[in-house]
Amino acid sequence: MLDDTSVSRVLVFTAHPDDVDFGAAGTIARWTDARINVSYCVVTDGDAGGYDEDFPRGEVAALRRAEQVAAAECVGVQDVRFLGYPDGKVQATLDLRRDLARVIRQVRPDRVLCPNPERNYARVGASHPDHRAVGSAALDAVYPDARNPFAFSELRDHEGLGAWTVPEVWIVGTPAPNHYVDVTATFARKIAALRAHESQTANMDDLESRLRQWLGRAGTQAGFPDGHLAESFQVVDTA
């Protein structure tokens, strides 16, 4: 696994606004504190989300984009990109693989973070089909698409985007984590990022206590001192 001191750029792929904040905002705050440049690529606008049935559905996408930009600022991220795929209808198509490979070649990251592409039967709620589709397409975009100069040749020939090899991928939401990050010191910023998604979290009075329980269990699994909080990942060598 790469040491953070050797990482300059991280690219985060998510299916919806707020996914990254639930899964990894504490870790990302640590990265930006270490002067690592982090970019978000959000595949959908989350236009099928929310709980207020009276809010005009045609305005949801713009609202959720704005919320994600505000949440990103809480953890030091300035580069937030949206692909505009329809929420709830994402599939790991060749078009999506090309679009993700394009962003990889644009950002040229040392590390990619993406959702778990596999169904988690122990926690079905962690296996939204959009998450699985984005995770699958992201891994395919890392290998072989972004590194192969002859894959999606239009990226090279018409857009001037040369091939790029991503050395490692961090998978969020995996049932088989092999790496934990202590986020005790950045937990408050994680909560602030999640609260920026007001359309999703305004009715969650127990958000902080619930997350303390989740991250506390991960901290225990990691062997951290009592009371420490952790986010968990499966780190994959893709060099």
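Note: the structure precedes this text.
The numbers attached to residues start from 1 for each chain and follow its sequence in the written order. This being a predicted model, a pLDDT of at least 70 is required before a residue's local features are given, and a value of 80 or more before pairs of side-chain atoms are given or counted; all residues contribute to the totals for chains, interfaces and linings. Values reported for side chains reflect all heavy atoms of the structure, with hydrogen atoms and water molecules removed beforehand.

Another point: the environment of valine 20. Note that valine 20 resides in helix α1 (residues 19-33). Classification of valine 20 as buried rests on a relative accessible area of 3%. C-alpha of valine 20 to C-alpha of aspartate 205: the two residues are 185 residues apart in sequence and 20 Å apart in space. Apart from the residues lying within four places of it in its own chain, the contact partners of valine 20 are Val12, Thr14, Ala25, Ile28, Tyr40 and Gln68. Helix and strand definitions follow DSSP, with helices as H or I runs of at least four residues and strands as E runs of at least two, each counted in order from the N terminus. Relative accessibility thresholds used throughout: buried, under 20% of the residue-type maximum; exposed, over 50%; partly exposed, between the two (1.4 Å probe, protein chains only). A contact between two residues is defined here by any heavy atoms of the two lying within 4.5 Å.

So, about the nonpolar core. Counting residues in hydrophobic clusters, the biggest one holds 36 residues, and the most contacted among them are Ile28, Val38 and Tyr40. The dominant element in this core, judged by the number of residues it contributes, is α1, at 6 residues. Apart from the residues within four sequence positions on either side, valine 38 is in contact with Val10, Val12, Ile28, Trp31, Thr32, Val77 and Asp79. Nine residue types can take part in a nonpolar core, namely buried Ala, Val, Leu, Ile, Met, Phe, Trp, Tyr and Cys, and a core is a set of them joined through side-chain atoms within 4.5 Å. Membership of the second largest hydrophobic core comes to 30 residues, among which are Ile104, Val134, Val142 and Val166.

Right, let's get into the layout of surface pockets. Empty space among the atoms can be located by rolling a probe the size of a water molecule over them. In the cavity and pocket records, a cavity denotes points on a 1 Å grid over the protein atoms alone where a 1.4 Å probe fits but cannot get out, a pocket denotes an open set with protein on both sides within 12 Å along at least 5 of 7 lines, and lining residues are residues with an atom within 4 Å of a point. Grid points are joined across faces, edges and corners, and a volume is the space filled by probe spheres set on the points. For the largest pocket, the calculated volume is near 1300 Å³. With 7 residues, the single largest contributor to the lining of the largest pocket is helix α8 (residues 207-222). Gly counts as polar in this scheme, as do all residues outside two lists: the nonpolar Ala, Val, Leu, Ile, Met, Phe, Trp, Tyr, Cys and Pro, and the charged Asp, Glu, Lys and Arg. Class assignment for the residues of the lining of the largest pocket results in 21 nonpolar, 14 polar and 8 charged. What lines the second largest pocket is Gly49, Gly50, Tyr51, Asp52, Phe55, Arg57, Val60, Leu63, Glu67, Glu198, Ser199 and Gln200. Broken down by secondary-structure element, the contributors of at least two residues to the lining of the second largest pocket are α2 (60-74) and α7 (198-201). When its residues are assigned to classes, the lining of the second largest pocket shows 4 nonpolar, 4 polar and 4 charged.

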